[in-house]
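Secondary and tertiary structure notes
These are the residues of each chain, in order.
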Amino acid sequence: MSDEFQATDDGAIGSTTDVAIIIVGTGFSGLGLGTKLARAGERSFLLLERADDVGGTWRDNDYPGAACDVSSHLYSLSFRPNPDWTHVYSPQAEIHEYLRETAREEGLLPHIRFGCEVVGAEWDEVANLWRVSTSRGSFTSRVLVTAAGHLSDPKYPNIPGLDSFEGHLFHSAGWNHDVALENQRIGVIGTGASSIQIIPEVAEVASHLTVFQRSAPYVRPRPNRQYTAAEKRMFRRVPESLQELRAEMFWNNEARLVERQALPALLEAAAAVAHKHREAQVIDPEIREKLKPNFVYGCKRGLRSDDYYPTFNRENVTLECAGIDRVEGKQVIMTSGDVHELDVIIASTGFETTDLPISYIIRGRQGRSLADAWSGGMQAYATLAVSGFPNLFIMGGPNTGLGHNSAIYVIESQIDHILGALQFMAQRPDAVLEVSAEAENSYVEGVESRGEGTVWLSEGCQTWYVDPRNGRLTSLWPDFAHSFRRENAAFVPDPYLAESTTG
Ligand SMILES: Cc1cc2nc3c(=O)[nH]c(=O)nc-3n(C[C@H](O)[C@H](O)[C@H](O)COP(=O)(O)OP(=O)(O)OC[C@H]3O[C@@H](n4cnc5c(N)ncnc54)[C@H](O)[C@@H]3O)c2cc1C
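Being a predicted model, the structure only gives us computed values, none of them experimental.

What counts and how
- Residues numbered from 1 in each chain as written.
- Predicted model: local features only at pLDDT ≥ 70, side-chain atom pairs only at ≥ 80, totals over all residues.
- Heavy atoms only, no water.
- Helix = DSSP H or I, 4+ residues; strand = E, 2+ residues; numbered from the N terminus.
- Expected span 1.5 Å × (residues − 1).
- Buried < 20%, exposed > 50% of the residue type's maximum accessible area, 1.4 Å probe, protein only.
- Core = buried A, V, L, I, M, F, W, Y, C linked by side-chain atoms within 4.5 Å.
- Near = heavy atom within 4 Å.
- Polar contact = N/O pair within 3.5 Å; in protein donor to acceptor, adjacent residues only side chain to side chain.
- Areas by Shrake-Rupley, 256 points an atom, 1.4 Å probe, with all protein chains shown as cover.
- Nonpolar A, V, L, I, M, F, W, Y, C, P; charged D, E, K, R; others polar.
- Pairing = 2+ DSSP bridges.
- Axes fitted to C-alpha atoms, helices over the stretch in contact; angles between N-to-C directions.
- Domains from an automatic or database assignment.
- Contact = heavy atoms within 4.5 Å.
- Buried area = accessible area lost by both parts, 1.4 Å probe.
- Salt bridge = Lys/Arg side-chain N within 4 Å of Asp/Glu carboxyl O.

1. Remarks on helix α1 (residues 28-39)
- The end-to-end C-alpha separation of α1 is 16 Å, in line with the 16 Å expected for 12 residues at 1.5 Å each.
- Most of α1 sits inside the fold, with 9 of its 12 residues counted as buried.
- Three or more residues of α1 are buried, namely F28, S29, G30, L31, G32, L33, G34, T35 and L37.
- Count one or two residues on from α1 and you reach G41, which has phi positive near 90°.

As C-alpha cells, then:
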C-alpha cells in the first residue's frame, strides 16, 4: 500500500475537530458524496474510515474470484466513467483501484481520516450539532452522513463449536491470505453470491472441498468477456457511446424486475433459464437434483456463473446438504451423523443487513439510539432520514438494496437528496433538518404496500432482504431503480419542516 493511503497523524487525538459535514465510510457511497462535495467547492468535510484504505466492499472482499455481478460500466459512478474496464464484470482489484483513483484524483485524501472507527455519535440538542467519538479522537459537525454500508459487517453462522475450530477459520469478507489453501481439506459454508465465485477457485487448489449448502441458489449463465482495445478506444473518444451502453445495461436490468413481482409466467421463464443451465452443466443426476432450488425464483439475489455448476463434476468436491450440528476439533459433524474432517473453514455466510451495527452507536434526541428507533425494523423517510435524528442522513440503510440493478444508481440518488438538503441548509445557517414522524410513517407505508404480493414476501422465501425479527421487507427497495430515483433523489423541504427548521 502506498503511503498516501496510510493513516495520517493529523487527526483529532486529544482535541475536538469541528467541520460542517462528517461522512462515515469510504466505499462507493462515502467517496461518491465526497467527490460531489469537493467538486462543489465544499472544504469543511471529513470522511472517517475505520480501515486503512478506501474501497469498502471492494477493499474487504478480496477473495479468489471476486468480481461485480452488475456490468462494470453500470457498476461505476456516472460522473466518473471508466473507458478502461477490462471486462463486462471486472474483478475486485480493478474496482478497488477505481475507488482509490477516485479518492486520489478528486482530492479526497486530505479529507479522509483512516484507522478512525466511529464508536459513538450523539446529537447535542443545545448546540445543534453532532458529537462524534472515534478511535482517533472527537469531532463535531452540523451534519452527519453514515455511509457505513449494509454489507460491511460480516456475519458468521451460529454453529456450536465453530469458534473453537482447530483449523483455520475466516469469513469471505475477511480473507486470510496467510493461509495456504493448496492441498488442504477445505469447507465453504454458504452458497450465495460470494460463494459461487469462491467455490470454483478453491476447488482448483484444495485436496478436497466440501460445500455446505442450506439452500440451493438459482444460477444463470454469465455473459462475461474482455473488452477489446478498439472498444476501449471508442469509449474514450466517443463518451456518448459509453453513456448509451450504460443506459442499455440499466434498462435491460430494469426489465428483469417484473420477474420478481410474482408474475407467474415471467417467474417460470426466468427460473427455466437457471434450470437449463444446471441441467446442461451438472453430470450426476443426484447432485443435479440437490442443486435444484426449492424456493421461488427472484426471492434471493439473481446469481450468474459459468463455472459454479461444473465444479460439482469434480472428483475432489462434495456437496453436503444436511444441517451442520456442531464443530469439534477439526471435525464438522452433520445432523445426519456424517463427519467432515477439515483444515480450513470459509464462512461465506453474508452480513449484518437488517440490524445494522452503526444504528447502535448513533443517538438522536433525548439520547435515543437509532437501534431503539428501529427495534420494530429499520425505516426512514426517503430511505435516509429518521424522525428524532436531526441533520442525519443514512446512506445504504433501509430499503436501499436492489436485487436486479446497480447499487450505484441508488447511491447516486441518495447523494442528490443529501446535496439538495445541504444547499437548503447553506441558505439557512441555523436550520435543523428533521423529518416529521408523520412524513416518515406515511412514506414507509407506501413502500411497504409495494412489497405486498412480491416474491420476497411469498411463502417459503427466506431472504436477507426481510427482517427475521418482524417479517418486514426492510432492506430492499421493492420497485424499479428508476422509481427509487424519481421518489427519493429530490430534496423537498416540507417533510423536514419541524419547528426549528426555519431558523
Ligand atoms: C462481495 C460483494 C459483491 C457485490 N457486488 C455488487 C455488484 O456487483 N453490484 C451491486 O450493485 N452491488 C454489489 N454489492 C453491494 C455493495 O455493497 C454495494 O454495491 C456498494 O459497494 C456499497 O458501498 P457503500 O459505500 O455503501 O458501503 P461499503 O462499501 O460497505 O463501505 C462502507 C465503509 O464504511 C466503513 N465503516 C463502517 N462502519 C464504520 C465505523 N463505525 N467507523 C468508520 N468506518 C466505518 C467500512 O469500513 C467501509 O469502508 C456487492 C457486495 C459484496 C459484499
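2. Side note on the nonpolar core
- Grouped together as the largest cluster of nonpolar side chains are 65 residues, with contacts concentrated most on I23, F28, L33, I112, V145, F393 and Y496.
- Here this core gets 11 residues from one element, more than from any other, and that element is helix α12 (residues 407-427).
- Judged by nonpolar contacts, the second largest core, of 27 residues, contains A66, F170, A203 and L319.

3. Let's talk about the site of the ligand
- With respect to spatial proximity, 34 residues lie near the ligand, and among them S29, E49, D69, Y75 and A407 are the closest.
- Here S29 contributes a side-chain N or O atom positioned 2.6 Å from an oxygen atom of the ligand.
- Interatomic distance of 2.8 Å between a backbone N/O atom of T57 and an oxygen atom of the ligand.
- Here the ligand has 1000 Å² of accessible area as a free molecule, and 93% of this is covered by the chains.
- Looking at the shell around the ligand, the elements with two or more residues in it are α1 and α2 (57-60).
- For the shell around the ligand, the residue count by class is 16 nonpolar, 12 polar and 6 charged.

4. Section: the sheet that holds strand β13 (residues 324-328)
- The strand order across the open sheet built from 3 strands is β13-β14-β15, with neighbouring strands paired in antiparallel fashion. Both edges of this open sheet fall to β13 and β15 (339-341), since each of them pairs with a single strand only. Recorded for the sheet is a direction-independent mean angle of 20° between the axes of neighbouring strands.

5. Focus on the domain arrangement of the protein chain
- Annotation of the protein chain at the domain level lists domain 1 (15-153 + 352-431 + 480-500) and domain 2 (162-223 + 248-347).
- Relative to domain 2, the C-alpha centre of domain 1 lies at a distance of 31 Å.
- With 24 residues of domain 1 at the interface, the matching set in domain 2 holds 24 residues.
- Summed over both sides, the interface between domain 1 and domain 2 buries roughly 2200 Å², with carbon and sulfur atoms accounting for 54% of that surface.
- At the boundary of domain 1 with domain 2, the tally comes to 1 salt bridge.
- Grouping the amino acids of the side of domain 1 that touches domain 2 by side-chain chemistry returns 13 nonpolar, 8 polar and 3 charged.

6. What to know about the side chain of R80
- Topologically, R80 is positioned in the loop between α2 and α3 (92-105).
- By relative accessible area, R80 is classed as buried at 12%.
- Within the structure, R80 has its side chain in polar contact with the side chain of T102 (distance 3.1 Å).
- Once residues lying within four places of it in the same chain are set aside, the contact partners of R80 are R39, Y98, E101, T102, E105 and E106.

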